Amino acid sequence: MSLVTITATENGSAEQHRQWCESLEAGSILFFPKSPIALADSDLQFLRGQQQTDSSLHKNIAYKPKSNELTGVDTKTANPAAVDRLRAIMRNYSQSVTAFLTGFLSPYAGQWQLDYASFRPQEEEGRDLPLRRRNDLLHTDAFPTRPTHGARILRFFNNIHPTRTRDWIVSDPFRSVAAKYAPAEIALPQPDSGIGRAFKSLATGIGLGAAAPALKRSPYDDFMMRFHNFLKENRAFQSSCSKYDYQFPAGSSWMVYTDMVPHAVLCGQYALEQTYLVAPQAMVAPQHAPLTVLQELTGARLI
Ligand SMILES: [Fe+2]
């Protein structure tokens, strides 16, 4: 596992942009000690104030950029002006991260879908969550309700706490973990059925590409969801796997392919995050992609 520290984000060459994509795809975390995303002090203070001042804004809050909608906010009891302001801050954050990454990761231009953004106001240490929803157990990401059909889950984070670090542990990337556990301990995915192929060609034909949310889950998606659950539930893996500690300081950003790097957050409060679903054909180093690894292991097409 490696962390690539980036202090200068301006004027990178096309080759530099490709190398950043390659590092991400190999399982590195790209770390920005000073976030390239500008956030107004007044907005940061508003976000940090939610925990104390407005109980209806306590939960993990998701922002859906395409419909400009917030979820996780009880709009019946929340102050409407506060909800409007939070929505505006999240829209601005989503647009700022996207504008930055459009240049920084230029090889992916036009080949990602903007997914949800989130605001994470709660202290992560000691949260009382059901096991499969716990953030403090190592896992790779998969979405129960949004199959990606092989698209990659790329996440960009900001630690917006005024002083404290956000502490992660990560483990070795997908290929080594899947090769060790998948064949023996969890069933590998089975090749697609005819119905799955029909849905896939329909999705492609109507321009929904890899991440059509309402469509049937592919064998790849089924496996990735089972793998997420397996890792969280596997005490031997949690205790004995390789672990690398990272403390992301206040005011920093980082990004990582969370579908391939097992990760857990141990402590920290107040983070912003934006997710992208990057098309499999956009990969500059596709040999590392979970889909490639699984198709090698099974010898079958899985989307
Ligand atoms: Fe995660």
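Here we summarise the structure given alongside this text.

Quick notes on the rules
- Residues numbered from 1 in each chain as written.
- Predicted model: local features only at pLDDT ≥ 70, side-chain atom pairs only at ≥ 80, totals over all residues.
- Heavy atoms only, no water.
- Donors = N, O, S within 2.8 Å, 3.2 Å for Na, K, Ca; no water.
- Helix = DSSP H or I, 4+ residues; strand = E, 2+ residues; numbered from the N terminus.
- Buried < 20%, exposed > 50% of the residue type's maximum accessible area, 1.4 Å probe, protein only.
- Phe/Tyr/Trp six-rings, centres within 6.5 Å; stacked < 30°, edge-to-face > 60°.
- Lys NZ or Arg CZ within 6 Å of the ring centre and 35° of its normal.
- Pairing = 2+ DSSP bridges.
- Axes fitted to C-alpha atoms, helices over the stretch in contact; angles between N-to-C directions.
- 1 Å grid on protein atoms, 1.4 Å probe; cavity = no way out; pocket = protein on both sides within 12 Å on 5 of 7 lines; lining within 4 Å.
- Points joined across faces, edges and corners; volume = space filled by probe spheres on them.
- Nonpolar A, V, L, I, M, F, W, Y, C, P; charged D, E, K, R; others polar.
- Right-handed = clockwise from strand over helix to strand, strands pointing away.
- Salt bridge = Lys/Arg side-chain N within 4 Å of Asp/Glu carboxyl O.

## Regarding the coordination of the iron ion
Ideal values for angles at a metal depend on the geometry: 109.5 degrees with four tetrahedral donors, 90 or 180 degrees with six octahedral donors.
Move 1: In the first shell of the iron ion, the protein supplies H139 (NE2), D141 (OD) and H263 (NE2), at 2.1 to 2.2 Å from the metal.
Move 2: Written as a sequence motif, the donor residues of the iron ion are H-x1-D-x121-H. Taken as a pair, D141 in the loop between β5 (112–120) and β6 (152–159) and H263 in strand β10 (residues 263–267) lie far apart in primary sequence, 122 residues in all. Both residues of the pair, D141 and H263, belong to the buried class.

## Looking at the packing of aromatic side chains
Move 1: Applying the stated criterion across every chain yields a total of 19 aromatic pairs.
Move 2: For the ring pair F100 and F104, a centre distance of 5.0 Å and an interplane angle of 25° mean the geometry is stacked. On the criterion of helical spacing, the pair formed by F100 and F104 is a turn pair, its members being four residues apart in helix α3 (residues 80–104).
Move 3: An angle of 10° between the planes, with centres 5.4 Å apart, marks the rings of F157 and W254 as stacked. With F157 in strand β6 and W254 in strand β9 (residues 253–257), the pair connects residues that are 97 residues apart, well separated along the chain.
Move 4: Taking relative accessible area as the criterion, F157 reaches 4% and is therefore assigned buried.
Move 5: By way of ring pairs, the aromatic residues F31, F157, W168, Y246, F248 and W254 are connected into one cluster.
Move 6: Taking NZ or CZ as reference, R146 lies 3.9 Å from the ring centre of Y116, over its face.
Move 7: Positioned above the aromatic ring of F143 is the side chain of R146, whose terminal nitrogen or guanidinium carbon lies 4.2 Å from the ring centre.

## Observations concerning unusual backbone geometry
Move 1: Backbone geometry at N68 places phi at a positive 55°, although glycine is not the residue there.
Move 2: Mapped onto the secondary structure, N68 falls in the loop between β3 (61–64) and β4 (69–71).
Move 3: Here the phi dihedral of H149 falls at roughly 55°; this positive angle occurs in a residue that is not glycine.
Move 4: Relative to the assigned elements, H149 resides in the loop between β5 and β6.
Move 5: Taking the relative accessible area as the measure of exposure, H149 reaches 8% and is therefore buried.

## Some details on the sheet that holds strand β7 (residues 166–170)
Move 1: Reading across the sheet, the three strands line up as β8-β7-β10 and stay open at both edges, with antiparallel pairing between neighbours. The two strands at the open ends of the sheet, each matched to only one other strand, are β8 (244–248) and β10. Within the sheet, the average angular offset between the axes of one strand and its neighbour, ignoring direction, is 25°.
Move 2: As defined by bridge partners, β7 adjoins β10 across four bridges and the pair is classed as antiparallel. Pairing of V170 across the sheet is with H263, part of β10.

## What to know about empty space enclosed by the protein
Move 1: For the structure shown, the criterion picks out three cavities of 30 Å³ or more.
Move 2: Each pocket or cavity is described by its volume, and for the largest cavity that value is around 80 Å³.
Move 3: Around the largest cavity sit 13 residues that line it, and A142, T148, I153, D221 and M224 are the ones nearest its centre.
Move 4: In terms of residues, the lining of the largest cavity owes the most to one element, helix α6 (residues 219–233), which gives three residues.
Move 5: Classifying every residue of the lining of the largest cavity by side-chain character gives seven nonpolar, one polar and five charged.

## Observations concerning the pairing of strand β2 (residues 29–32)
Move 1: Because side chains alternate across β2, one face comprises the buried residues I29 and F31, and the other comprises L30 and F32, equally buried.
Move 2: Where strand β1 (residues 3–5) meets β2, three bridges bridge the pair, whose relative direction is parallel. The residue bridging V4 from the neighbouring strand is L30, located in β2.
Move 3: The β-α-β motif built from β1, the intervening helix α1 (residues 14–25) and the parallel element β2 has right-handed crossover chirality.

## Quick word on the pattern of salt bridges
Move 1: Within the structure shown, the criterion is met by 16 salt bridges.
Move 2: Its salt-bridge partner being R120, residue E273 comes within 3.4 Å of it at the nearest N-O pair. Here E273 is found in strand β11 (residues 271–278), whereas its partner R120 is found in strand β5, with 153 residues between them in sequence.
Move 3: Here E273 falls in the buried class, since its relative accessible area comes to 1%.
Move 4: A salt bridge links E296 to R175; its shortest N-O distance comes to 3.0 Å. On the criterion of sequence distance, the pair formed by E296 in helix α8 (residues 290–298) and R175 in helix α4 (residues 174–185) is long-range, its members being 121 residues apart.
Move 5: Judged by its relative accessible area of 35%, R175 is partly exposed.

Note that all results are geometric; they support no functional claim without further evidence.
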